[in-house]
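# Descriptive analysis of the structure
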Amino acid sequence: MSNLGHVFPGGPAVTVESAQSIVTKFSVGSMDNNVYVITCRQTGTRLLVDAADDAARILEVLDGDNPTTVVTTHRHWDHVRALTAIVSETGAISLAHPDDAEEIPVVTATVRDGDVITCGDLGIEVVHLVGHTPGSIALCLGDSVGPTRLFTGDSLFPGGTGKVANRTDFLSLITDVETKLFDRFDDATIVHPGHGDDTTLGAERPHLPQWRARGWLPYGPNRTS
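In short, a report on the structure. Being a predicted model, the structure only gives us computed values, none of them experimental.

The six strands are arranged β8-β9-β10-β11-β14-β15 in an open sheet whose pairing can be described as mixed. Two strands in the sheet have a free side with no partner beyond their single neighbour: β8 (116-119) and β15 (199-200). Looking at chain direction, strand β10 (residues 137-141) and strand β11 (residues 149-153) are connected through three bridges and run antiparallel. Residue pairing in the sheet places Cys140 in a bridge with Leu150 of β11. Docked against the sheet, helix α4 (residues 167-182) engages β9 (122-128) and β11, running at close to 155° with respect to β9.

Here we come to the pattern of salt bridges. Within the structure shown, the criterion is met by eleven salt bridges. Among the ionic pairs, Lys180 bridges to Asp113, the shortest N-O distance being 3.7 Å. A residue pair is termed long-range when its members are at least 10 positions apart, and Lys180 in helix α4 and Asp113 in the loop between β7 (109-110) and β8 qualify at 67 residues. A cluster of three or more residues bridged by salt bridges with shared partners is formed by Arg75, Asp100 and Glu103.

Attention now moves to helix α1 (residues 55-62). Among the residues making up α1, those that are buried are Ala55, Arg57, Ile58, Val61 and Leu62. Axial view of α1: buried residues confined to an arc of 160°, hence all on one face. In this structure, α1 carries Ala56 and Glu60 as exposed residues pointing more than 90 degrees from its buried face. Buried positions along α1 lie against β2 (21-28), β3 (33-40), β4 (46-49) and α2 (83-90). One or two residues past the end of α1 sits Asp63, with phi positive at roughly 55°.

Scoring rules and cut-offs
- Residues numbered from 1 in each chain as written.
- Predicted model: local features only at pLDDT ≥ 70, side-chain atom pairs only at ≥ 80, totals over all residues.
- Heavy atoms only, no water.
- Pairing = 2+ DSSP bridges.
- Helix = DSSP H or I, 4+ residues; strand = E, 2+ residues; numbered from the N terminus.
- Contact = heavy atoms within 4.5 Å.
- Axes fitted to C-alpha atoms, helices over the stretch in contact; angles between N-to-C directions.
- Salt bridge = Lys/Arg side-chain N within 4 Å of Asp/Glu carboxyl O.
- Buried < 20%, exposed > 50% of the residue type's maximum accessible area, 1.4 Å probe, protein only.
- Arc of directions from axis to C-beta.

See below:
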């Protein structure tokens, strides 16, 4: 099974393994935020995506096997509530894009489009997607055998792009999503969003013209948070 299925706050974590990595997903907080743990199978090194909330739950899932790095996909409050506690408890470095870094509680270093974050033997590429926030990023985890995985924060969901403030931001985000994700990666690529269930680029690709045509609406259908 390549996707990770449905999770909910207080529910169990789910895990999928490949030849090179182990990916764990669970949900925390009142906004039903997904938290992801990426583990290198060869070295055991771990990376955490979005310390969103409930530090105690995150530490419970980590079970003493702490990450060396925490990456924040964007600056919104619901994605950073446990960041300070997790960094303090684990000693992990905290990474984010410079365009969002000033509004994130603790950032050790910044990453930009095309940078590769090392997690043991894994290389995780940063993809800058401007629109939901100025510094929103996705993370690309490749695999020599299994599908590529994209951790998209609030920039891409099943059914559309993330919430934006205006038409200019929508056009920026839909263009970045089209050119940097859909034009580059194949249909088998799995999308792990910041909230809700997984999808694939193949499942979403036929709807791209509809997303662009419907444009920006202040109260939907663009996803919130």
